[in-house]
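Listed here are the chains, written in short residue letters.
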Amino acid sequence: MGDAQLTTQVLAPEAPWVVIVPAAPPTTPSVALPVGTAAPVGTTGSAVPESPVARTTEFRAVEGGNEMQSGTALMTEAYAAIWLCTFALVLAGVRKMKKLEARLEGLADEIARARERDAKPRS
Amino acid sequence: MTLSKRASETPFLGLLAATAASLVLALQVIFLKAPTEATMGIVQKIFYFHVPAAYGMYLGAFVCFLGSAAYLARGTAGSDALARAGAEVAVTMGLMVLITGPLWAAKAWGRYWTWDPRLTTSLLSVLVYVAYVVLRAFTGDGEAERKFAAALGVLGAANIPIIHYAVKKWGGQHPQVISNGGGGLRHPDMKLALTLGFLTFTLLALALVWQRMRLHLLVGRVDALEQEAVELGLAGDG
């Protein structure tokens, strides 16, 4: 903090004193993003500056951060899509299997009857 | 349901029960225990099923590869059914990956899609397995079709290592949190959530492969009986 900028804040117009406080560090990185990388939209506003590289290589837990509704909606859509894909495949399979089992039983009965019919005249 | 049939289904029902239990536990940990990610917020929770779904796609592709190679070597109906089931699971899991990834990216990158190497190779791989499934669905079930599909199943698996190492080889902006020197998950509950996600999707992929394989074997048995019925002079009423 050797060359940190200092700012003055007058706490109240009538106060006979002033408090000198250091300027807050920038909350956004000054490093340029890689080509083709969009800045994250609607982040939770972490006060710790970080590089774009760190953002793509680790996940950290937030300490009481606020969440945005759009993120919740996107997450809900994602989970709904996952289970929709799964249940669609499972239900389609179960329905087809029931049809096939019924067909299999019908065919087996028909074949057994036909064999029985064919066997009778010989005996 | 006969007693023997019920007994033969017991392992499958056990697998389904384990999958359901793992799913409930995973959802509980993801939404009630794992903390919100510092930069992205709640949308990062997509990660706990997005990555395991990608792993499930790899599993499906591997099963398809094994079944296809076995079919080319031995030509059994079981190996063909296994390959077909693997391809269907790869498509299902691949669709999950391709839907959930862009939903996460909409928030994290500000856009749904970019022609990043890993995204592009994943899309190509899913299209290979879609081609396999469409081929099997619309071209009949003859020996030539089965062999052609088996060749596709073997060659299609070649894309899987390319997807996996795409980020390492060609860069791109796809996150590398848990591989290739990424920083990892910085909270034990995040790690637990991801572990349960992997467990759930492993069980789910196995259950789906099992169900689809049984279905294809059943189709084969019905076809064989229909053929027998025709030979006996019974009317083929469909």
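Residues numbered from 1 in each chain as written. Chains lettered and ligands numbered in written order. Predicted model: local features only at pLDDT ≥ 70, side-chain atom pairs only at ≥ 80, totals over all residues. Heavy atoms only, no water.

Student: Give a detailed account of the overall build of chain A, specifying residues and quantitative values.
Tutor: Assigned secondary structure in chain A consists of two helices and three strands. Mapped in sequence order, the helices and strands of chain A form the string β-β-α-β-α. Buried positions account for 24% of the 123 residues belonging to chain A. Nonlocal contacts in chain A, meaning residues at least 24 apart in sequence, comprise 9% of its contacts between residues at least 6 apart. As displayed, chain A offers around 8700 Å² of accessible surface, 62% of which is attributable to carbon and sulfur atoms. (Helix = DSSP H or I, 4+ residues; strand = E, 2+ residues; numbered from the N terminus. Buried < 20%, exposed > 50% of the residue type's maximum accessible area, 1.4 Å probe, protein only. Contact = heavy atoms within 4.5 Å. Areas by Shrake-Rupley, 256 points an atom, 1.4 Å probe, with all protein chains shown as cover.)

Student: Lay out the packing of helix α3 (residues 77–108) of chain B against helix α7 (residues 188–231) of chain B with the relevant residues and their values.
Tutor: Residue and element names in this part refer to chain B. Between α3 and α7, the least distance of the axes is 8 Å, while the angle of their chain directions is 135°. Classified by the angle their axes make, α3 and α7 are oblique. In this structure, the crossing between α3 and α7 has a hand that is right-handed. Contacts between α3 and α7 involve A77, G78, A81, L82, R84, A85, G86, E88, V89, M93 and M96 on the former and, on the latter, F201, L204, A205, L208, V209, R212, M213, H216 and L217. (Axes fitted to C-alpha atoms, helices over the stretch in contact; angles between N-to-C directions. Parallel < 35°, antiparallel > 145°, perpendicular 65-115°, else oblique. Left-handed = near helix turned anticlockwise from the far one by under 90°.)

Student: Describe the packing of helix α2 (residues 47–74) of chain B against α7 of chain B, with residues and values.
Tutor: All names here are of chain B. The contact between α2 and α7 brings their axes to 8 Å, and the two run at 35°. Helix-helix and strand crossings are classified by hand; for α2 and α7 the assignment is right-handed. Contact residues: F47, Y48, F49, V51, P52, A53, Y55, L59 and V63 in α2; M190, A193, L194, G197, F198, F201, T202, A205 and V209 in α7. Residues of the contact of α2 with α7, tallied by class, amount to 16 nonpolar, two polar and no charged. (Nonpolar A, V, L, I, M, F, W, Y, C, P; charged D, E, K, R; others polar.)

Student: An account of the side chain of Q44 of chain B is needed here, citing residue identities and associated values.
Tutor: Take Q44 of chain B: it is sitting in the loop between α1 (3–33) and α2. Residue Q44 of chain B is classed as buried on the basis of its relative accessible area, which comes to 0%. With residues up to four places along the chain from it excluded, the contact list for Q44 of chain B reads F59 of chain A together with E37, W104, L185 and M190 of chain B.

Student: I'd like a description of the interface of chain B and chain A, backed by residues and values.
Tutor: Listed by partner, the interface residues are 63 residues for chain B and 53 residues for chain A. Here chain B meets chain A over a buried area of about 5300 Å², counting both sides, of which 68% is carbon and sulfur. Counting across the interface, chain B meets chain A through two salt bridges. Between R103 of chain A and E226 of chain B there is a salt bridge, with the nearest N and O atoms lying 2.9 Å from each other. Seen at the junction of chain B and chain A, the total is four residue pairs in polar contact (both at pLDDT 80 or more). Those elements that provide at least two residues to the side of chain B that touches chain A are α1, α2, α3, β1 (184–185) and α7 of chain B. At 16 residues, the largest contribution of residues to the side of chain B that touches chain A is made by α7 of chain B. The residue inventory of the side of chain B that touches chain A, partitioned by class, reads 36 nonpolar, 15 polar and twelve charged. The sheet contact formed by strand β3 (residues 58–59) of chain A and β1 of chain B spans two bridges and is parallel. Paired with F59 of chain A across the two strands is L185 of chain B, which belongs to β1 of chain B. (Buried area = accessible area lost by both parts, 1.4 Å probe. Salt bridge = Lys/Arg side-chain N within 4 Å of Asp/Glu carboxyl O. Polar contact = N/O pair within 3.5 Å; in protein donor to acceptor, adjacent residues only side chain to side chain. Pairing = 2+ DSSP bridges.)

Student: Got a sec to walk through the confidence of the model for chain B? Specific residues and values, please.
Tutor: Residues of chain B with pLDDT of at least 70 account for 93%, and the chain-wide mean is 88. Ranking the helices and strands of chain B by mean pLDDT puts α2 of chain B first, with 95, and β1 of chain B last, with 73. (pLDDT = per-residue confidence, 0-100.)

Student: Would you mind going over the pattern of salt bridges in detail, with residue names and values included?
Tutor: Residues and elements named next belong to chain B. Going through the model one piece at a time under the given rule, you end up with nine salt bridges over all chains. A salt bridge links R146 to D141, with the nearest nitrogen and oxygen atoms 3.1 Å apart. Within the structure, one salt-bridge network assembled from shared partners comprises D80, R136, D141 and R146.

Student: Please give an account of the packing of aromatic side chains that cites residues and values.
Tutor: Residues and elements named next belong to chain B. Considering all chains together, one arrives at eleven aromatic pairs over all chains under this definition. Note on Y55 and F198: the rings are 5.4 Å apart at their centroids and 85° apart in plane angle, and the pair reads as edge-to-face. Placement of the pair is Y55 in helix α2 and F198 in helix α7, with a sequence separation of 143 residues. Taking the relative accessible area as the measure of exposure, Y55 reaches 30% and is therefore partly exposed. Using a relative accessible area of 24% as the deciding quantity, one classes F198 as partly exposed. Over the ring of F12 we find R214, and its NZ or CZ is 4.9 Å from the ring centre. (Phe/Tyr/Trp six-rings, centres within 6.5 Å; stacked < 30°, edge-to-face > 60°. Lys NZ or Arg CZ within 6 Å of the ring centre and 35° of its normal.)

Student: Summarise the nonpolar core; cite the residues concerned and give the values.
Tutor: Formed by 63 residues in total, the largest nonpolar core has its most connected members in Y48, F49, M93, W104, Y129 and F201 of chain B. Broken down by secondary-structure element, the contributors of at least two residues to this core are α2 (69–122) of chain A together with α1, α2, α3, α4 (117–138), α6 (159–170) and α7 of chain B. Broken down by element, this core gets its largest block of residues, 15 residues, from α3 of chain B. Excluding residues that lie within four positions of it along the chain, Y48 of chain B makes contacts with Y79 of chain A together with I30, A34, M190, A193, L194 and G197 of chain B. (Core = buried A, V, L, I, M, F, W, Y, C linked by side-chain atoms within 4.5 Å.)

Student: How would you summarise the environment of K191 of chain B if you had to cite specific residues and measurements?
Tutor: With respect to the secondary-structure elements, K191 of chain B resides in helix α7. Taking the C-alpha atoms as reference points, K191 of chain B and A34 of chain B, 157 residues apart in sequence, are found 8.5 Å from one another.

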